[in-house]
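# Summary of the model geometry
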Amino acid sequence: MGKLAVGALRAVLAVVFVGTVFVQALMVWALATDPEDGSLPLTPLRVITILGMLSAQVALVCVGRLVAMVRRGTVFSHAAFRYVDGVIGAIVAAALLWFAVTIVNAPGQREDPGVTVIMGGVGVAILGVALIVLVLRMLLAQAVARDVEAARMQAELDEVI
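Described in the following lines is the structure provided in the data block. (Residues numbered from 1 in each chain as written. Predicted model: local features only at pLDDT ≥ 70, side-chain atom pairs only at ≥ 80, totals over all residues. Heavy atoms only, no water.)

### Regarding the packing of helix H2 (residues 42-72) against helix H3 (residues 79-105)
Where we set the bar: All axes are obtained by fitting lines to C-alpha atoms, using only the stretch in contact for helices, and the reported angles, taken between N-to-C directions, cover 0 to 180 degrees. We count a stretch as a helix when DSSP gives it H or I for four or more residues in a row; a strand needs E for two or more, and each element gets its number in order from the N terminus. Any angle between 65 and 115 degrees counts as roughly perpendicular, while under 35 counts as roughly parallel, over 145 as roughly antiparallel, and the rest as oblique. Crossing handedness is read from the near helix: turned anticlockwise from the far helix by less than a right angle, it gives a left-handed crossing, and turned clockwise, a right-handed one.
Where H2 contacts H3, the two axes come as close as 9 Å, and the packing angle between them is 160°. On the basis of their axis angle, the class for H2 and H3 is roughly antiparallel. Between H2 and H3 lies a crossing of left-handed hand.

### Considerations on helix H4 (residues 114-160)
Short version of the rule: By definition here, a helix of n residues has an expected span of 1.5 Å times n minus one. Relative accessibility under 20% of the residue-type maximum defines a buried residue, over 50% an exposed one, and the middle range a partly exposed one, all with a 1.4 Å probe and only protein chains included. Contacts were defined at the residue level, with two residues in contact if any of their heavy atoms lie within 4.5 Å.
Under the 1.5 Å per step criterion, the end-to-end length of H4 is 69 Å for 47 residues, consistent within 8% with the ideal 69 Å. Buried residues of H4: Met119, Gly120, Gly123, Ala130, Val133, Leu140 and Val144, and no others. Next to the buried residues of H4 lie H3.

### Digging into the side chain of asparagine 105
Take asparagine 105: it is sitting in helix H3. When residues no more than four places from it in sequence are discounted, the contact partners of asparagine 105 are Val115 and Met119.

### Observations concerning the pattern of salt bridges
Side chains that carry opposite charge are capable of pairing whenever their charged atoms lie near each other. Here is the rule we go by: Salt bridge, as used here: a side-chain nitrogen of Lys or Arg that lies within 4 Å of a carboxyl oxygen of Asp or Glu.
One pass over the structure, following the stated rule, counts three salt bridges. Residue arginine 137 is joined to aspartate 85 by a salt bridge in which the shortest nitrogen-to-oxygen separation is 2.5 Å. Separated by 52 residues along the polypeptide, arginine 137 in helix H4 and aspartate 85 in helix H3 bring together distant segments of the chain. By relative accessible area, arginine 137 is classed as partly exposed at 24%. Among the salt bridges present, the one from glutamate 149 reaches arginine 152, with a minimum N-O distance of 2.3 Å. Residue glutamate 149 and its partner arginine 152 are both found in helix H4; the two are separated by three residues, about one turn of the helix. When its relative accessible area of 33% is taken as the criterion, glutamate 149 is described as partly exposed. Sharing partners across several salt bridges, the network here consists of Glu149, Arg152 and Glu156.

Here it is in structure tokens:
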């Protein structure tokens, strides 16, 4: 991975991280100062937003660590699994939080239940992303196993020579 690509990705990760912290701060401030007007259950939505931003932050930190490992050439190691698992966990948490938003929003959609169905579909799609990352984790596991096997075979070949 080139230095320009790594630098650009790190910049994007940093901007998104700062943005999520900003949104969290606004939601905490709104929880403390802005009363509900009764039209929507704002408190649960604000809490879910804070937790959603936290799950995004976990994913951002894990991706940042994986990018650092790619840059150092150490991504094909067992240490990478911790960060990939963190990304998977963050995506699953985001899906569960989205389902919570769907449940909180559902009573207001009684006249048009299609919105709730679409929101449920979006939650399933988010879980699909977690499954894709899980498949990529399995590919990483195969690559790590092959790398370990190649190192073992190289050591045997070095003994022979």
